[in-house]
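Residue-level structural notes
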Amino acid sequence: QLEKLKLEMLQDKSLPLRIGASNLVFGVGNPDTSTLLIGEGPGYWEDLKGEPFVGNAGKLLDQLLESIDLSREKNVYITNVVHHRPPENRDPLPSEIEAYRPYLDKIIEIIRPKVIVTLGRFSMAKFLPGVKITSVHGKVFDLDWKGLKIKVIPMYHPAAALRSTEVMRQIREDFQRLPTILQE
Ligand code: URA
């Protein structure tokens, strides 16, 4: 189902960021997982390689996953709010997020995760509009999303952790709490 959806995306000429992008960055990981991580959008390296989180922020994300004995290949699925790189790595526009939304929604419907970790404010706003990351990071929100019961845990974006030692401390702490939540 994911492969079919990816083919659909590759053929969708209406996706606003496809001009200027080198590759579609669809997702990576184990589709049979119960844990979905959603970031913002591809950067330089992701665009080049066609895989999410393979630059510096991605290295940190892999370390954070390793610190709780999880790997991107086996234990989680990782995707983004937009699946082509915005020019100059700018923030995705609301209209762009909206254009990619049906695909992200389908990815979620196919994977049917029990837990979604949002990385950064754009994926957080999809599930928890109007909240502030400083007050909600690491907390568990029990949501009914299109009939699916999902625990959403907003976390800082790993790139933000690379810019601030305090955010780094908090993201590490938040990840340490994940195994208990996953066991539930
Ligand atoms: N940042 C993101 O949000 N997603 C990626 O895939 C890479 C960096």
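This paragraph deals with the pattern of salt bridges. Evaluated as defined, the whole model comprises 14 salt bridges. Glu 8 serves as the salt-bridge partner of Lys 106, at 3.8 Å between the closest nitrogen and oxygen. Placement of Lys 106 in helix α4 (residues 94-111) and of Glu 8 in helix α1 (residues 2-11) is noted, with a sequence separation of 98 residues between them. For the salt bridge of Asp 105 with Lys 126, the shortest nitrogen-to-oxygen distance reads 2.5 Å. Here the residue Asp 105 occupies a position in helix α4, and Lys 126 occupies one in helix α5 (residues 121-127), the gap between them amounting to 21 residues. Via salt bridges that share partners, Glu 98, Arg 101, Asp 105, Glu 109, Lys 126 and Lys 146 belong to a single interconnected network.

Time to look at the site of the ligand. Contacts to the ligand come from Gly 39, Glu 40, Gly 41, Glu 46, Pro 52, Phe 53, Asn 80 and His 157. Within the backbone of Gly 41, a nitrogen or oxygen atom sits 3.1 Å from a nitrogen atom of the ligand. The side chain of Asn 80 places a nitrogen or oxygen atom 2.8 Å from a nitrogen atom of the ligand. With the chains in place, 92% of the 230 Å² that the ligand exposes on its own is no longer accessible. When the residues that make up the shell around the ligand are grouped by side-chain class, the tally is two nonpolar, four polar and two charged.

Reading the values: the criteria
- Residues numbered from 1 in each chain as written.
- Predicted model: local features only at pLDDT ≥ 70, side-chain atom pairs only at ≥ 80, totals over all residues.
- Heavy atoms only, no water.
- Salt bridge = Lys/Arg side-chain N within 4 Å of Asp/Glu carboxyl O.
- Helix = DSSP H or I, 4+ residues; strand = E, 2+ residues; numbered from the N terminus.
- Near = heavy atom within 4 Å.
- Polar contact = N/O pair within 3.5 Å; in protein donor to acceptor, adjacent residues only side chain to side chain.
- Areas by Shrake-Rupley, 256 points an atom, 1.4 Å probe, with all protein chains shown as cover.
- Nonpolar A, V, L, I, M, F, W, Y, C, P; charged D, E, K, R; others polar.

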